[in-house]
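This is what each chain is made of:
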Amino acid sequence: MHNSLEVLLDSLIQTRIESLYGELIKNNSSYNQFSSERNLYFKQLHEGVPENIQKTLFLYDDAELSVQAILEREIYLQGFKDALHLHNKLHISLDCEPSGSFSF
């Protein structure tokens, strides 16, 4: 069941991450600045390295983006699992309290 939940959440996670990136681009000037700088630096590296190294540079960038995508997915998935765990703990805790009394 654990793996099937992850499979079902993949699409949700991807959609949510894309949505968050959209919000970052619209609302976070620091993100935009660093993103632009990164793109500029990559372009400068690409132009500055010999032609026989350019393919390696692109492969490095592709691998870096893949690692980042995996990391984002795992962080989002772990956050979801943590939220479910916290929800279950709070639910159990509230069920143990006397009627009409709530404590956190």
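Everything numeric in this text was worked out from a predicted model, so none of it was measured. (Residues numbered from 1 in each chain as written. Predicted model: local features only at pLDDT ≥ 70, side-chain atom pairs only at ≥ 80, totals over all residues. Heavy atoms only, no water.)

Draft legend 1. Examining the pattern of salt bridges more closely. Under the criterion given, the structure shown has 4 salt bridges. The residue D61 makes a salt bridge to R38 at a minimum N-O spacing of 2.1 Å. Of this pair, D61 sits in helix α3 (residues 51-96) while R38 is found in helix α2 (residues 29-48), placing the two residues 23 residues apart along the sequence. Since its relative accessible area comes to 13%, D61 is described here as buried. Judged by its relative accessible area of 34%, R38 falls in the partly exposed class. (Salt bridge = Lys/Arg side-chain N within 4 Å of Asp/Glu carboxyl O. Helix = DSSP H or I, 4+ residues; strand = E, 2+ residues; numbered from the N terminus. Buried < 20%, exposed > 50% of the residue type's maximum accessible area, 1.4 Å probe, protein only.)

Draft legend 2. Molecular detail of the confidence of the model for the protein. Of the residues in the protein, 88% have a pLDDT of 70 or more, and the chain-wide mean is 86. When pLDDT is averaged over each helix and strand of the protein, the minimum, 83, is found for helix α1 (residues 2-27) and the maximum, 94, for α2. (pLDDT = per-residue confidence, 0-100.)

Draft legend 3. Structural view of α3. Spanning 46 residues, α3 covers 68 Å between terminal C-alpha atoms, matching the ideal 68 Å at 1.5 Å per step. Listing the buried residues of α3 in full gives Q54, L57, D61, E72 and L77. (Expected span 1.5 Å × (residues − 1).)

Draft legend 4. Quick peek at the side chain of E72. Positionally, E72 belongs in helix α3. Comment: no salt bridge for buried E72; closest opposite-charge side chain is R73, at 10 Å. When residues no more than four places from it in sequence are discounted, the contact partners of E72 are I17 and Y21. (Lys, Arg positive; Asp, Glu negative; His and termini not counted. Contact = heavy atoms within 4.5 Å.)

Draft legend 5. The arrangement of the packing of aromatic side chains in detail. For the structure shown, the criterion picks out 2 aromatic pairs. On the numbers, 6.1 Å between centres and 45 degrees between planes, the contact of Y21 with Y31 is tilted. Highlighted residues: Y21 in helix α1 and Y31 in helix α2, separated in sequence by 10 residues. According to the relative accessible area criterion, Y31 is partly exposed, its value standing at 27%. A ring pair is formed by F42 and F58, whose centres lie 5.6 Å apart and whose planes are at 65 degrees; its orientation type is edge-to-face. Highlighted residues: F42 in helix α2 and F58 in helix α3, separated in sequence by 16 residues. (Phe/Tyr/Trp six-rings, centres within 6.5 Å; stacked < 30°, edge-to-face > 60°.)

Draft legend 6. Quick peek at α2. Here α2 is 20 residues long and its end C-alpha atoms lie 28 Å apart, about the 28 Å a rise of 1.5 Å per residue gives. Of the residues flanking the start of α2, the one acting as N-cap is N28, its side-chain oxygen 3.1 Å from the backbone nitrogen of S30. (Polar contact = N/O pair within 3.5 Å; in protein donor to acceptor, adjacent residues only side chain to side chain.)

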